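This is what each chain is made of:
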Amino acid sequence: MATTKNIQSVERAFSILELFQKTGCSEHSVKEISNALELNKSTTFGLINTLTNLGYLQQNPENQKYVLGLKLLSFSNTVKVQNIIIRSVHAYLEQINLKYGETVHCAIEQNDGVIYVDKVEATGSIFISTQIGTHNDLHCTGVGKCILAYMDPAMQERIFSRSLKTMTYNTITNSEQLREEILKVRAQGYAEDNEEIAIGLSCVAIPVFSALGVVACAISVSGMTSRIRMACDNGLVNELKRTGAAISKKVFGYVLELSGAENPG
């Protein structure tokens, strides 16, 4: 198999970030980085300037040296949460799938949307075209509504103020209606997607908490609308709430009483 050549500028940018880890020093000047990596100062400054503009480095105004930016922390937190979910939550998804035979998803918030980090396929013939790593909107998905309901108010307002994409004639695209929907999610402790992404498909979702009012992830059960409604009649919502409480306690160490699951925080 043929190998491809690495892009030099990308290699150099990562070498700057890795320098902070290798040296154990929290701050470096342009000259120090240039000398350590054996790059000329103009090239080094250009790379540092780009990384700073993107949020991966930031400058200390007192000494003009550079430190790692907070944006890197978001990657660390995302990887940590995803790894916890993959290791610990999958078994719960399998249990729900085994009992109801429908597709079960687990998702986290990323970039004002949701990203699916785990999935167990339905045992029947219905295939739902989501894959691990798929990004979706908050306003029209069950998992997204669960996450949106417990977001920081400023972040919520950012979503409410946007032009909300229409997926089907059932999609909520009015900000005031979405506000009402989110209040409903908090009141009842679960969210629904009523054919808001695809006609004929619905889902029920619950939030999983890592602390009071802080959603770590959300879990949904999706399938044909008639089957999801039947599953709800057969206890699906309460089953999901119990599962969410169990995951919150076992994985994230947060004890969530079912009686209080409807309005934590």
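Heads up: the structure comes first, above all this text.
Here is what the cut-offs are and how they apply
Residues numbered from 1 in each chain as written. Predicted model: local features only at pLDDT ≥ 70, side-chain atom pairs only at ≥ 80, totals over all residues. Heavy atoms only, no water. Core = buried A, V, L, I, M, F, W, Y, C linked by side-chain atoms within 4.5 Å. Buried < 20%, exposed > 50% of the residue type's maximum accessible area, 1.4 Å probe, protein only. Helix = DSSP H or I, 4+ residues; strand = E, 2+ residues; numbered from the N terminus. Contact = heavy atoms within 4.5 Å. Arc of directions from axis to C-beta.

Draft legend 1. Molecular detail of the nonpolar core. Counting residues in each nonpolar core, the largest one holds 28 residues, and the members touching the most others are Val 89, Cys 106, Ile 219, Leu 240 and Ile 247. Within the residue set of this core, elements represented by two or more residues are α5 (90-100), β3 (103-110), β4 (113-120), β7 (201-211), β8 (214-224), α9 (225-233) and α10 (236-252). Per element, the largest residue contribution to this core is six residues, and it comes from α10. Not counting chain neighbours up to four residues away, the residues in contact with Ile 247 comprise Val 89, Tyr 92, Val 208, Ile 219 and Phe 252. With 26 residues, the next largest nonpolar core counts Leu 138, Leu 178, Ile 182 and Ala 191 among its residues.

Draft legend 2. View of α9. Those residues of α9 that sit buried are Thr 225, Ile 228 and Ala 231. The buried residues of α9 occupy an angular sector of 125° when the element is viewed end-on, so they sit on one face. Opposite the buried face of α9, at more than 90 degrees from it, the exposed residues are Arg 229, Met 230 and Asp 233. Residues of α9 that are buried make contact with α5, β7, β8 and α10.

In short, the description is geometric, and any link to function would need to be established separately.
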